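# Observations on the three-dimensional arrangement
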Amino acid sequence: MTASTQHTESAERIARPLIQLAKINGISTSYIDQLGTYVEIRDEVLVSVLAALGVDASTEQAITDSYAEARQRIADTLIPPTVVKFIGRPTTIPIHNKGNDVTLRLMLEDGTQYAENLCMHLMPQNDGSLQLNLPDDIPVGYHTLRVNAGEMHGEATLICASTRIELPKAVAEKQRWGWMTQLYSVRSAESWGVGDYGDLRRLLKDAAEKSHADFMLINPIHATAPIEPLEPSPYLPESRRFLNVTYIRPQDIEEYANLDEVDLAEVERLHAEVSPANDDPNPMDINTAWWHKRKALQRIYAVPRSARRQSAFEAFKEASGPDLRAFAAWSVAFEVWGAPWESSWFGETNRDSPEVATLMHEHADLMDFECWLQWIAAEQVTAAQSTARESGMALGLVQDMAVGVHALGADVWWNPERFAVGSVTVGCPPDFYNQQGQDWGQPPFNPNYLEKTGYGVYRDMVHNMFSRAGAVRIDHVLGLFRLWWIPQGEGAKGGAYVTYDYEAMIAILTIEATRANGLVIGEDLGTVPDYVRTVLADHGLLGCMVEWFARVDDSPNAGDPYADPATYRKYALASVTTHDLPPTAGYLEFEHVKLREQLHLLSGPVEEFRASAAAERQAMLDRLVESGLVTPDVAADVDGHIQEIVEAMHRMLLSSPSVLLQAALVDGVGETRSQNQPGTSSEYSNWRVPLAGPDGKVIHTDEVFDLPRVQSLAAIMNGGK
């Protein structure tokens with residue numbers, strides 16, 4: 001890539017055949033980075049990304065041929081396979097009928113036919129084609145539009161949505177606040193060494209009743225591997241369609257009460273072996289915890305179910321469709337044939353392989369066990385959300401949606417056509433989080449597949465998340481618009497942005513959020529163009545405002561003045577920090593500087609980064625002093641007033657007009673350790689740090705909201721001064 005002071009591509013560059021081929025296939029050939037620098041994508045990168053989309057650009061002739069094929073394909077497409085209609089906004093659809101008479105039929109989501117004659121809304125164009133102007137009385141939902149033109153036939157998924165997600169009444173009437181926490185980090189005596197859905201239920205109840213919070217944002221709870229070794233990062237799931245069953249609490253399963261004496265004794269023994277870990281402040285051993293819990297769950301699974309319970313289980317399997325069987329098959333293959341990164345089966349078999357059919361038949365009980373685990377997990381997450389709402393929360397559980405899935409996970413193995421696999425992964429260019437860029441190792445959704453299939457896989461995922469949540473947070477919401485595709489061997493800096501149909505995904509989010517009376521929160525931090533935030537706001541999706549990143553005029557320079565929260569966006573979730581930073585106490589003590597130096601993540605001298613961190617902290621202290629929230633004496637002695645400064649930063653947040661405010665549980669208890677250091681995997685104990693206080697002592701689930709420090713911060717968030 002090359003960078004310069006210009007801001008747009010030259011006419012000479014745009015005229016190049018490779019650039020035109022990239023653009024017609026939705027690849028951005030330049031971008032503006034987080035520092036405002038114009039960057040052009042190298043030819044080698046564009047060729048590799050095009051190849052990942054199935055487009056040959058290996059030679060000049062191939063480029064010419066591929067471009068001609070793309071233009072012809074567009075001309076020969078009777079109707080686009082996915083059409084988006086926002087009610088109240090003019091929507092036109094090109095119909096390339098090649099002079100033939102056209103008939104239209106719209107089948108609605110409920111199985112009935114749209115009564116009006118859509119042919120009345122056809123408008124002839126100068127080139128002989130037609131244009132369909134969609135009327136505004138089409139109901140909200142996912143419909144099927146069928147088009148006939150002579151011997152040509154076409155079918156499109158019509159996604160019809162309201163223009164925006166309206167705020168739920170409880171949020172519209174007043175500003176609401178809640179907590180952010182990592183589910184696995186908070187444990188009780190009943191836990192199995194890792195926080196679980198039982199802990200979540202108690203946390204939600206206590207947060208509502210003891211701190212008067214209206215929501216709790218947790219880490220993603222997408223599905224992981226069936227057996228060890230487990231992937232610690234909740235942002236690298238094996239499937240986003242299903243749930244993380246390692247968080248199940250065995251004791252909360254209805255059949256637990258029916259264990260016979262022998263099985264109960266064995267389950268209690270297994271629990272006793274791992275329960276001492278609940279008091280250990282050191283990084284969690286998630287593999288040992290899951291090995292013991294899975295053994296217990298197998299005992300409970302074997303307990304005969306009542307007719308009512310078996311009927312509920314069968315209904316769950318039916319509702320989950322073929323994707324559940326696919327995930328179960330991958331899980332069984334993992335357990336029987338070995339981890340896919342240690343065995344050859346992932347690359348040598350697929351859903352049509354006779355070996356896979358034999359595996360599923362010979363291990364039918366194990367297949368059923370994997371389905372049962374998903375049913376139990378769904379029950380327990382549903383129970384947690386129900387408890388939150390019954391306890392008075394306006395939103396309750398806020399689920400976090402990861403950007404993508406593991407390259408060797410269930411979704412990729414069973415449905416590889418959904419992804420651009422084998423040659424590219426997703427990440428992001430250099431930014432404030434990581435100066436060297438990030439490669440998340442995840443294969444991106446293939447935008448062509450999504451369009452051809454009406455975004456069905458995305459619709460299922462969003463629907464399932466909203467069925468057990470009051471809001472959904474989308475990590476790296478820029479992914480609705482574009483994703484940074486990194487070809488193998490190029491490194492995180494050597495990628496290119498591939499564009500997606502953000503209107504289709506926003507329409508789906510709007511439909512599902514509205515049906516659930518919920519909200520969508522887009523994590524729009526980092527390298528995000530201004531138009532993205534404008535589009536999100538226009539559709540009622542909330543953005544994110546983080547005090548540590550919010551500088552006057554959006555300055556990227558550490559040490560520049562911080563913005564008054566009174567200037568924050570209304571349609572946003574405003575917070576002091578985020579999970580990609582150390583807790584605020586740790587940030588004030590430069591834990592991020594020490595950690596990045598220790599892990600060799602700096603692209604420049606540590607002295608330079610330390611100086612910028614010091615300037616950043618001073619700018620925050622200046623803002624607090626200027627706002628009258630701390631005295632100059634306090635600002636001059638940070639180490640002696642950590643809690644006071646942390647609370648002052650939350651008081652400052654109260655002046656924000658943002659509809660949602662958020663406090664981190666780690667800030668409530670005074671934790672200093674990072675939960676995650678972006679750009680690392682095994683180098684740091686990411687996503688395994690238990691909740692502990694400043695004294696290093698573990699804080700248990702039933703203790704959290706009785707702590708004076710947590711109560712003090714809650715009082716501030718409730719409007720206390």
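Residues numbered from 1 in each chain as written. Predicted model: local features only at pLDDT ≥ 70, side-chain atom pairs only at ≥ 80, totals over all residues. Heavy atoms only, no water.

## Some points on the side chain of serine 211
Assignment of secondary structure puts serine 211 in helix H6 (residues 197–211). Note on serine 211: relative accessible area 2%, which makes it buried. A polar contact of 3.1 Å, which involves the side chain of serine 211, links it to the side chain of tryptophan 179. Apart from the residues lying within four places of it in its own chain, the contact partners of serine 211 are Trp177, Trp179, Asp206, Phe705, Ala714 and Asn718. (Helix = DSSP H or I, 4+ residues; strand = E, 2+ residues; numbered from the N terminus. Buried < 20%, exposed > 50% of the residue type's maximum accessible area, 1.4 Å probe, protein only. Polar contact = N/O pair within 3.5 Å; in protein donor to acceptor, adjacent residues only side chain to side chain. Contact = heavy atoms within 4.5 Å.)

## Describing the packing of aromatic side chains
In the structure shown here, the tally under the stated rule is 24 aromatic pairs. Seen from their ring centres, tryptophan 179 and phenylalanine 705 are 5.8 Å apart, and the 65° between their planes marks the pair as edge-to-face. Separated by 526 residues along the polypeptide, tryptophan 179 in strand S11 (residues 176–181) and phenylalanine 705 in the loop between helix H24 (665–669) and helix H25 (708–717) bring together distant segments of the chain. Here tryptophan 179 matches phenylalanine 705 in class, with each residue buried. Taken together, the ring pairs in this structure connect Phe242, Phe327, Trp330, Phe334 and Trp341 into an aromatic cluster. When the ring centre of phenylalanine 86 is taken as origin, the NZ or CZ atom of arginine 89, which lies over that ring, is 5.9 Å away. The residue whose ring lies beneath arginine 164 is tyrosine 571, and the NZ or CZ to ring-centre distance is 5.0 Å. (Phe/Tyr/Trp six-rings, centres within 6.5 Å; stacked < 30°, edge-to-face > 60°. Lys NZ or Arg CZ within 6 Å of the ring centre and 35° of its normal.)

## So, the packing of helix H20 (residues 591–598) against helix H21 (residues 606–626)
Viewed as axis vectors pointing N to C, H20 and H21 meet at an angle of 165°, and their least axial separation amounts to 10 Å. Judged by the angle between their axes, H20 and H21 are roughly antiparallel. Considering only the axes of H20 and H21, their crossing is right-handed. Along the contact surface, H20 presents His592, Val593, Arg596 and Glu597, while H21 presents Val606, Phe609, Arg610, Ala613 and Glu616. Among the residues forming the contact of H20 with H21, the class breakdown is four nonpolar, one polar and four charged. (Axes fitted to C-alpha atoms, helices over the stretch in contact; angles between N-to-C directions. Parallel < 35°, antiparallel > 145°, perpendicular 65-115°, else oblique. Left-handed = near helix turned anticlockwise from the far one by under 90°. Nonpolar A, V, L, I, M, F, W, Y, C, P; charged D, E, K, R; others polar.)

## A short note on the sheet that holds strand S4 (residues 82–86)
Reading across from one edge, S4-S10-S9-S6 is the order of the four strands in this open sheet, with mixed pairing throughout. The open sheet has two edge strands with one neighbour each: S4 and strand S6 (102–107). Between one strand axis and the next, the sheet turns by 25° as a mean value, whatever way the strands run. One ladder, built from six bridges, connects S6 with strand S9 (residues 141–149); its direction is antiparallel. Across the sheet, residue arginine 105 finds its bridge partner in S9, namely arginine 146. Those strands touched by helix H17 (residues 502–515) are S4, S9 and strand S10 (152–161), and its axis lies near 50° from that of S10. (Pairing = 2+ DSSP bridges.)

## Quick look at the pattern of salt bridges
Any two side chains of opposite charge can pair, given that their charged atoms come close. Taken as a whole, this structure holds 41 salt bridges when the rule is applied. Where aspartate 206 meets arginine 202, a salt bridge forms, and the shortest distance between an N and an O atom there is 2.7 Å. Pair noted here: aspartate 206 and arginine 202 are both in helix H6, with a separation of four residues, about one helical turn. Assessed through its relative accessible area of 35%, arginine 202 is described here as partly exposed. Two residues, aspartate 323 and arginine 241, come together in a salt bridge whose shortest N-O distance is 4.0 Å. Taken together, the residues span a long stretch of sequence, with aspartate 323 in helix H10 (residues 322–337) and arginine 241 in strand S14 (residues 239–243) at a distance of 82 residues. Summarising the burial analysis for this pair, aspartate 323 and arginine 241 share the class buried. Via salt bridges that share partners, Glu254, Glu255, Arg308, Arg309 and Glu379 belong to a single interconnected network. (Salt bridge = Lys/Arg side-chain N within 4 Å of Asp/Glu carboxyl O.)

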